[in-house]
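Structure at a glance
Chain residues, written in single-letter form:
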Amino acid sequence: MPKDLRTYLTDLVRGKSGDLRTVDTSVDPRFGITAYGAWYDKRNEYPALLFTDVAGTDIPCLSNLVATHERMALALGVPADTLTRSSIAGQGRAAHPPIEVSAEQAPVQEVVWRGADADLRRLPIPVHNELDGGPFLTAAVSVTRDPESGRLNAGIYRHHVYGPHRMGVWFFGSHDGGVIHRRYAAKGEPTPIAIVIGHHPAFLMGAVSRVPGIGGEYDAAGAFLDEPVQLVRAITSDLLVPARAEIVIEGRILPDELAEEGPFAEWPGHYVGGGMKPVIEVDAITLRRDAIFQDIQASGREHRLMGALPRIASVHQAVQQKVPGLRAVNIPLHTRMHCYLSIRKEFDSDPTRAAFAAFNTEPENLRAVIVVDDDIDVYDEREVSWAIGTRFDAAEDLQIIPAWNGPGGLLPTNWSYDAEGGRSARSSSAVIIDATKPAPPVVFPTRAKVPDDAVAAVRPASVREVGSLDQLPWLS
Ligand SMILES: Cc1cc2nc3c(=O)[nH]c(=O)nc-3n(C[C@H](O)[C@H](O)[C@H](O)COP(=O)(O)O)c2cc1C
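What you are looking at is a predicted structure, and each value in this text was computed from that prediction instead of being measured.

Below, the discussion takes up the pairing of strand β19 (residues 368-373). Bridge count for strand β18 (residues 338-343) against β19 is 6 bridges, and the pairing is parallel. Looking at β19, one finds that Leu341 is bridged to Val371.

Next comes the structure, spelled out in structure tokens:
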């Protein structure tokens, strides 16, 4: 059976982790779905939540599915502690180009809503955070075709639902979806778009990978899935969409119309972004007979994890090309705008080269790259902090890159604010913190440690809790 959201949920339940829970009481899509996510977040718990009774629709809503490393590891079929390395391997493989199947073989076209029936209000689309401007699609993979190369492109883009058949779309910076739309708009033509909702998490990994050039995400998804993505021709355009998705919304981005988009709470945890953005008109919605809608908890852990994990793989590939001594990459979840690189340093220029390769892979999101030696575990904040404390001298090892991020966008630092509540876009700086030792042959003080063989010889069974003074004759 080809992989899709259902095969993944089956694996999840069979794994007996208790990670998938249903919410059977009626919930309001306005804050009712994210409220559960927030309630669990306060307890530092991140179960996947299937809301079976969302007011106003017949379709269940799955949220928080991709919120943990363990569930992403399950999606990629690897142990959680090797997740990062495997996601790198997964992205590098790209051995499974997609294959096309007929409409009869495409569950996503079992039901077709056209015209007035293609009403977005029939879907359980949540309003996520307090000041959001309305319901938003957050787990939607938008597929477009580059009019110049003919290549299909995919990426997750947020869509602000304005009405039954109208949505906004927010293309950021260098992202290819926006490049493609501007190419159609320059010719005065609408951009055919298909918005894919509900697929295997490995498919989402592929869609948000930084693939060089325009397109290639279906191949990346095939690599993460370890099998080809099955595609079917859309019903209103020549786009190819995943045949085993749950729901596909088909439409056109209008060439000459903008509407006020946002506010929307984004992954940096603030309401930033928005403004006048392109508008989509919906022509059709195709779906499975018993479709499941998928949502990502916006500005929560799930949003940051889905942003960070595929990028770790992309940054790894890009940095390794410049600095072969690269060991590991971490983009920490709690602050996805930082990146930690550990390298086996050969030259004093390695940290700068490595940092720029990382910045250029993630130009919109990274604000600080911290480079450490290969004895530092980049997944341990204490280790990274210790390296800064002991191997970094601000006067020598700090590089500030002025006007790197922005102008504007999602980072609150990329805007100027005034006392009247106004704001204007600005660019903010980025920083390289080189917390590595000098390159060989310079001799740097050796790091202290108890010998490994001595630690291995410890007998934990010989350790006893002191429960009575009788155990301590020295005190009598
Ligand atoms: C949950 C989530 C939401 C995202 N929302 C947006 C968005 O609204 N606009 C955007 O430009 N990128 C967004 N991204 C990032 C893009 O999906 C990502 O950069 C992707 O690689 C872009 O692909 P493309 O440049 O090939 O079109 C989001 C990523 C995630 C994980």
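Now that the structure is up, let's keep going.
Note that the residue after Gly406, namely Pro407, is joined by a cis bond; omega there is 5°. Checked against the element boundaries, Pro407 lands in the loop between β20 (398-405) and β21 (415-417). A cis amide bond links Pro440 with the next residue in sequence, Pro441, at an omega value of 15°. Unlike most non-glycine residues, Lys16 shows phi in positive territory, near 55°. Tracing the chain through its elements places Lys16 in the loop between α1 (5-14) and β1 (20-23).

Once that is clear, we can look at the environment of Val232. Relative to the helices and strands, Val232 is located in strand β12 (residues 230-233). Taking the number of C-beta atoms within 10 Å as the measure of exposure, Val232 has 24 and is therefore buried. Sequence-wise, Val232 and Ala243 are 11 residues apart; in three dimensions their C-alpha atoms are separated by 5.2 Å. When neighbours within four sequence positions are excluded, Val232 is seen to be in contact with Glu100, Val101, Ala103, Ala106, Val108, Gln109, Leu240, Val241 and Ala243.

It is worth spelling out the nonpolar core at this point. One broad rule of soluble globular proteins: the nonpolar side chains tend to lie buried together. Grouped together as the largest cluster of nonpolar side chains are 120 residues, with contacts concentrated most on Val241, Leu341 and Ala358. The element that contributes the greatest number of residues to this core is helix α8 (residues 301-322), accounting for 9 residues. Residues from two domains meet in this core; each of domain 1 (5-301) and domain 2 (323-442) gives at least three. Excluding anything up to four places from it in sequence, Leu341 contacts Val319, Leu326, Val329, Ala354, Ala358, Val369 and Val371.

Time to look at α8. Its 22 residues place the ends of α8 31 Å apart at the C-alpha level, agreeing with the 32 Å of an ideal helix rising 1.5 Å per residue. At Arg311, α8 shows its largest bend, some 25°. Burial runs high along α8: 17 of the 22 residues are buried.

The next thing to look at is the domain arrangement of the chain. Structurally, the chain comprises domain 1 (5-301) and domain 2 (323-442). Each of domain 1 and domain 2 has a C-alpha centre, and the two are 30 Å apart. Listed by partner, the interface residues are 11 residues for domain 1 and 11 residues for domain 2. Residue composition of the side of domain 1 that touches domain 2, grouped by class: 4 nonpolar, 4 polar and 3 charged.

We now examine the sheet that holds β18. The sheet built from 5 strands is open, its strands ordered β17-β18-β19-β23-β20 with mixed pairing. Edge positions in the sheet fall to β17 (326-330) and β20, since each has one partner strand and no second. Looking at each pair of strands side by side, their axes are set apart by 20° on average, direction ignored. Strand contacts of α8: β17 and β18, with the helix running at about 150° to β17, the strand carrying the most contacts.

How each quantity is defined
- Residues numbered from 1 in each chain as written.
- Predicted model: local features only at pLDDT ≥ 70, side-chain atom pairs only at ≥ 80, totals over all residues.
- Pairing = 2+ DSSP bridges.
- Helix = DSSP H or I, 4+ residues; strand = E, 2+ residues; numbered from the N terminus.
- Buried ≥ 20, exposed ≤ 12 C-beta atoms within 10 Å, placed from the backbone.
- Contact = placed C-beta atoms within 7 Å.
- Core = buried A, V, L, I, M, F, W, Y, C linked by C-beta atoms within 7 Å.
- Domains from an automatic or database assignment.
- Expected span 1.5 Å × (residues − 1).
- Bend = angle between axes of the 7 residues up to and from the residue.
- Nonpolar A, V, L, I, M, F, W, Y, C, P; charged D, E, K, R; others polar.
- Axes fitted to C-alpha atoms, helices over the stretch in contact; angles between N-to-C directions.

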